[in-house]
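Secondary and tertiary structure notes
Single-letter residue listing:
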Amino acid sequence: MSEPGFDKADCKVALSFADFPNAKTSFPFPLAVDTRSFNMPLLDLMKDYGHKIDSIQIHVPHHYGVPVLPSEEEVSEAKNLAKNLALSFLVHVEPDPRLGHTDQKERDAAVKALTTTILRLKTLVPGAYTLELVPHDSWSNSSPSSLTDALSEQGLVEWKKRIADSLTQVSEGSEVPFPAFCIETGSYPINEIIDLINDNLLSFCLDIGTLFRNQANISEHIELFIHRTKLFHLHGMSPNGELHSNLEHFPFDHTVGFLGTLTSAHYLGSVCVEVRFLQDLAASLLQMDKAYRTMRGYI
């Protein structure tokens, strides 16, 4: 991937299609971008940028608890277009606190929303359906630093059982097996839900940016879970602590080490550069390219 000739300062003002870095087949794994970086319809994104990227992570919002999805016609066209562009897909669903709710009606609504999402997008053969599990009630708008503190030890046990029951219904209703569901690392330690993941043969989505913010041992997490990790999320953390920032706000040596670890392990899953703005995505892809060439000894 060569660096395009544009000033990064100007990138904050405007970015033309021609200036967007070409990252297609530039890494030994599919490199995905998130639809939120583009703020445009899926088909337009594919037509404008599909020749420069490997994979698209489709972010599914839940407006008032109802998933916001492309139409059946759009999905059908996306499937045909993806063949010509050699594009693959991932699905990232906004956290739904209702999956583990104590109220059966709330859980049923969450199951319906997730099942509807999967059935609509299933024809795209996503490599993963990523979920972040969050408790309800007072934590519905933020994730706790400890599930045990938020729910109590017994409450956590019961919550995980309700989560497993909800995911069982989703799996049966969508005919998608448990390993296709990737549980994303959140603000709480992953060991609080490791039994839920292991007992149900779920997969992992390791968010490297979040692990860094939480001061977790990133190398240890990768070593322990890479064999069942379908997806890594990579992004920076701004000086004021905001996640999903430009990858330039992430230690460069960490990015080099991360790419080296995945390359040495012959990792077969995907990596998604999960930043919020197109200009920051372009700069982050350049940072990825620089880190990969550094790791390979090219610079």
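What counts, and at which threshold
Residues numbered from 1 in each chain as written. Predicted model: local features only at pLDDT ≥ 70, side-chain atom pairs only at ≥ 80, totals over all residues. Heavy atoms only, no water. Helix = DSSP H or I, 4+ residues; strand = E, 2+ residues; numbered from the N terminus. Rg over C-alpha atoms; globule rule 2.2 N^0.38 Å. Buried < 20%, exposed > 50% of the residue type's maximum accessible area, 1.4 Å probe, protein only. Areas by Shrake-Rupley, 256 points an atom, 1.4 Å probe, with all protein chains shown as cover. Core = buried A, V, L, I, M, F, W, Y, C linked by side-chain atoms within 4.5 Å. Contact = heavy atoms within 4.5 Å. Disulfide = S-S within 2.5 Å. Phe/Tyr/Trp six-rings, centres within 6.5 Å; stacked < 30°, edge-to-face > 60°. Pairing = 2+ DSSP bridges. Axes fitted to C-alpha atoms, helices over the stretch in contact; angles between N-to-C directions. pLDDT = per-residue confidence, 0-100. Right-handed = clockwise from strand over helix to strand, strands pointing away. 1 Å grid on protein atoms, 1.4 Å probe; cavity = no way out; pocket = protein on both sides within 12 Å on 5 of 7 lines; lining within 4 Å. Points joined across faces, edges and corners; volume = space filled by probe spheres on them. Nonpolar A, V, L, I, M, F, W, Y, C, P; charged D, E, K, R; others polar.

1. Regarding the overall build of the protein chain
Broken down by element type, the protein chain carries eleven helices and ten strands. Taken over C-alpha atoms, the radius of gyration comes to 19 Å for the protein chain, in line with the 19 Å a tight globule of 299 residues would show. With the principal axes as the frame, the protein chain shows a C-alpha extent of 55 × 45 × 35 Å. Expressed as a percentage of the 299 residues in the protein chain, the buried residues total 55%. As displayed, the protein chain has an accessible area near 13500 Å², and 51% of this comes from carbon and sulfur atoms.

2. Some details on the nonpolar core
With 80 residues, the main nonpolar core has Met46 and Phe232 as its most contacted residues. Take this core: its biggest share by element is seven residues, from helix α11 (residues 278-295). Contact partners of phenylalanine 232, with chain neighbours within four places excluded, come to Leu206, Ile208, Ile222, Ile226, Phe258, Leu262, Tyr267, Ser270, Val271 and Cys272.

3. Let's talk about the state of the cysteines
Every disulfide links exactly two cysteines, by a covalent bond between their sulfur atoms. This model, assessed by the stated rule, comprises zero disulfides. Cysteine 182 supplies the cysteine sulfur nearest to cysteine 205, a cysteine that is in no disulfide, at a spacing of 6.4 Å. Cysteine cysteine 272 remains unbridged, with the sulfur of cysteine 205 as its closest cysteine sulfur at 8.3 Å.

4. Focus on the packing of aromatic side chains
Evaluation of the coordinates by the stated rule reveals ten aromatic pairs. Summarising the aromatic geometry, the rings of phenylalanine 27 and phenylalanine 29 are spaced 5.8 Å apart at their centres and angled 15 degrees between planes, so their arrangement reads as stacked. Overall, the relative accessible area of 4% leaves phenylalanine 29 in the buried class. What links up through ring pairs into an aromatic cluster is the set Phe20, Phe38 and Tyr49.

5. Observations regarding the sheet that holds strand β1 (residues 31-34)
The eight strands are arranged β1-β2-β5-β6-β7-β8-β9-β10 in a closed barrel whose pairing can be described as parallel. Adjacent strand axes in the sheet meet at a mean angle of 25 degrees when their direction is disregarded. Note that strand β7 (residues 181-184) and strand β8 (residues 203-207) share three bridges and pair parallel. The residue of β8 that forms the bridge with isoleucine 183 is phenylalanine 204. α11 contacts β1, β9 (229-234) and β10 (270-273) of the sheet and is inclined by roughly 135 degrees relative to β10.

6. Focus: the confidence of the model for the protein chain
Across the protein chain, pLDDT averages 92, with 92% of residues at or above 70. Below a pLDDT of 50 lies the segment residues 1-13, which in the model reaches 26 contacts outside its immediate sequence neighbourhood of four places, other chains included.

7. Considerations on unusual backbone geometry
What is expected of a backbone is that most residues other than glycine have negative phi and most peptide bonds are trans. Look at asparagine 39: it is not a glycine, yet its phi comes out positive at around 55 degrees. Of note, the phi angle at tyrosine 64 is positive, near 55 degrees, even though the residue is not glycine. By secondary structure assignment, the location of tyrosine 64 is in the loop between β3 (62-63) and β4 (66-67). Given a relative accessible area of 87%, tyrosine 64 falls into the exposed group.

8. Description of the pairing of strand β2 (residues 55-60)
Summarising burial for β2: six of the six residues are buried, a large majority. Here β2 shows two buried faces, one formed by Ser55, Gln57 and His59 and the other by Ile56, Ile58 and Val60. Handedness of the crossover joining β1 and β2 through helix α2 (residues 42-49): right-handed. Bridge count for β2 against strand β5 (residues 88-93) is six bridges, and the pairing is parallel. In the strand pairing of β5, histidine 59 is matched with histidine 92.

9. Description of the layout of surface pockets
Considered as a void within the structure, the largest pocket measures approximately 410 Å³ in volume. Lining of the largest pocket is provided by 23 residues; of these, His92, Glu94, Pro95, Glu132 and Ser143 occupy positions nearest its centre. Each residue belonging to the lining of the largest pocket can be placed in one class, and the counts come to four nonpolar, nine polar and ten charged. Within this model, the second largest pocket holds a volume of roughly 260 Å³. Here the lining of the second largest pocket gets three residues from one element, more than from any other, and that element is β2. In terms of residue class, the lining of the second largest pocket is built from nine nonpolar, three polar and two charged.

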